[in-house]
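Summary of the model geometry
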Amino acid sequence: MLLPLPLQKGDSLLAIAPSGTLRDKEREKFEEGVEVWRKNGYNLILEENYQDREGYLAGKDEIRRQALKKAWQNPEYKGIICVRGGYGGARLLENWQWETIPQPKWLIGFSDVTSLLWSLYNQGIISVHGAVLTTISQEPERSLKRLFDYLEGKPLSPLEGHGWGGGKARGRLLPANLTVATHLLATPICPNFDDVILALEDVQEAPYRLDRILTQWRLMGIFQRVKGIILGRFSGCNAPDGIPSLTSFEVLKDRLSDFNIPIISELPFGHDGINACLPVGGLVEIDGDEGVVNFISDDK
């Protein structure tokens, strides 16, 4: 896996909207997010079409695709910051080819940006599953420090959660929003899951829908191939009061705990809370007994 060069204060990064359109109620958080990057010493440039709107999309596919191409190919930009998630990233990857550039650059986002992160993973390039511009201002100081330290070349500190057992495993980390990732299965964007540590999170999916999704992954034999699984936040994923249901945690336990692999839950990443940055394609070792994720530095 190729690791982009560390960022340096003063570097220019381009903010693009590859997925959903920026909503009016998000404007304040977006502006706060821009200020977070600039206060940390970076020259954040807003791509000219980032406010476009085509229904729920941030403009027509070709406009968003050209923004991604511009951000990737222009050597002025050392990184690409996604404005928000929503929906639409996968649409850009139809007939898409990442151009070979002298030095790969950082791509940062999560949720719907899963499609772009996975596509880069297939190219052997490490990216960052982390806060977008509409969410980064809500991160606590320790989470921001973690992100900027990593981008600037410092090692990532371990994360701790609730271990389900299964011993230790080492592999390449593949973070994703579970629902978005499910719609990438059996497509050219879908990566090889052998020797992978999956990192999954989701938001606003009812327990029965999580069950349906995870059952599909089981039927496809994916969980039998991965080395381990780490689970972030599944926010807003419990059924309303009065509706017979398992909890989201009970669904995860039922659908995942019989594979004899290390699993750790309750880790601080995902929607509606701390979203600790994760290296997509980075080497990790997880301990399912102790509930610890250790990040192993890649040679540049």
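Look up a bit, the structure's there.
What comes next is a walk through the structure. None of these values were measured; they are calculated from a predicted model. (Residues numbered from 1 in each chain as written. Predicted model: local features only at pLDDT ≥ 70, side-chain atom pairs only at ≥ 80, totals over all residues. Heavy atoms only, no water.)

1. Overview of the overall build of the protein chain
Counting its secondary structure elements, the protein chain contains seven helices and 14 strands. In terms of overall dimensions, the protein chain is globule-like: its C-alpha atoms have a radius of gyration of 18 Å, near the 19 Å expected for 300 residues. With respect to the principal axes defined by its C-alpha atoms, the protein chain has extents near 50 × 45 × 40 Å. The burial tally for the protein chain puts 57% of its 300 residues in the buried class. Split by element, the accessible area of the protein chain, about 13,100 Å² in all, is 47% carbon and sulfur. Here the protein chain holds 33 positive side-chain charges and 40 negative ones, and the gap between their average locations is 3 Å. (Helix = DSSP H or I, 4+ residues; strand = E, 2+ residues; numbered from the N terminus. Rg over C-alpha atoms; globule rule 2.2 N^0.38 Å. Buried < 20%, exposed > 50% of the residue type's maximum accessible area, 1.4 Å probe, protein only. Areas by Shrake-Rupley, 256 points an atom, 1.4 Å probe, with all protein chains shown as cover. Lys, Arg positive; Asp, Glu negative; His and termini not counted. Charge placed at Lys NZ, Arg CZ, Asp CG, Glu CD.)

2. Topic: the sheet that holds strand 5 (residues 127-129)
Taken in spatial order, the six strands line up as 2-1-3-4-5-12 in an open sheet, and their pairing is mixed. On the outer flanks of this sheet lie strand 2 (43-46) and strand 12 (278-280), each paired with one strand and no other. Averaged over all neighbouring strand pairs, the angle between strand axes comes to 25°, with direction disregarded. One ladder, built from three bridges, connects strand 3 (residues 77-82) with strand 4 (residues 106-109); its direction is parallel. What sits directly across from Ile81, in strand 4, is Ile108. Of the strands in this sheet, strand 1 (12-16), strand 2, strand 3 and strand 4 are in contact with helix 1 (residues 27-39), which crosses strand 2 at around 145°. (Pairing = 2+ DSSP bridges. Axes fitted to C-alpha atoms, helices over the stretch in contact; angles between N-to-C directions. Contact = heavy atoms within 4.5 Å.)

3. Describing the sheet that holds strand 11 (residues 263-265)
Taken in spatial order, the eight strands of this open sheet run 6-14-13-8-9-10-11-7, and their pairing is mixed. Two strands lie at the open edges of the sheet, namely strand 6 (159-160) and strand 7 (162-163), each paired on one side alone. With two bridges connecting them, strand 6 and strand 14 (residues 292-296) associate as antiparallel partners. Bridge assignment links Leu159 to a residue of strand 14, and that residue is Val293. In the packing of helix 3 (residues 114-122) onto the sheet, contacts are made with strand 8 (168-177) and strand 9 (196-203), and the angle to strand 8 comes to roughly 135°.

4. Section: unusual backbone geometry
Outside of glycine, negative phi angles account for most residues, and trans bonds account for most peptide bonds. Despite not being glycine, Asn260 shows a phi value in the positive range, around 55°. A residue is classified by how much of its surface remains accessible, and Asn260, at 72% relative accessible area, is exposed. Phi angles above zero are rare outside glycine, and Asp272 is one such case at about 60°.

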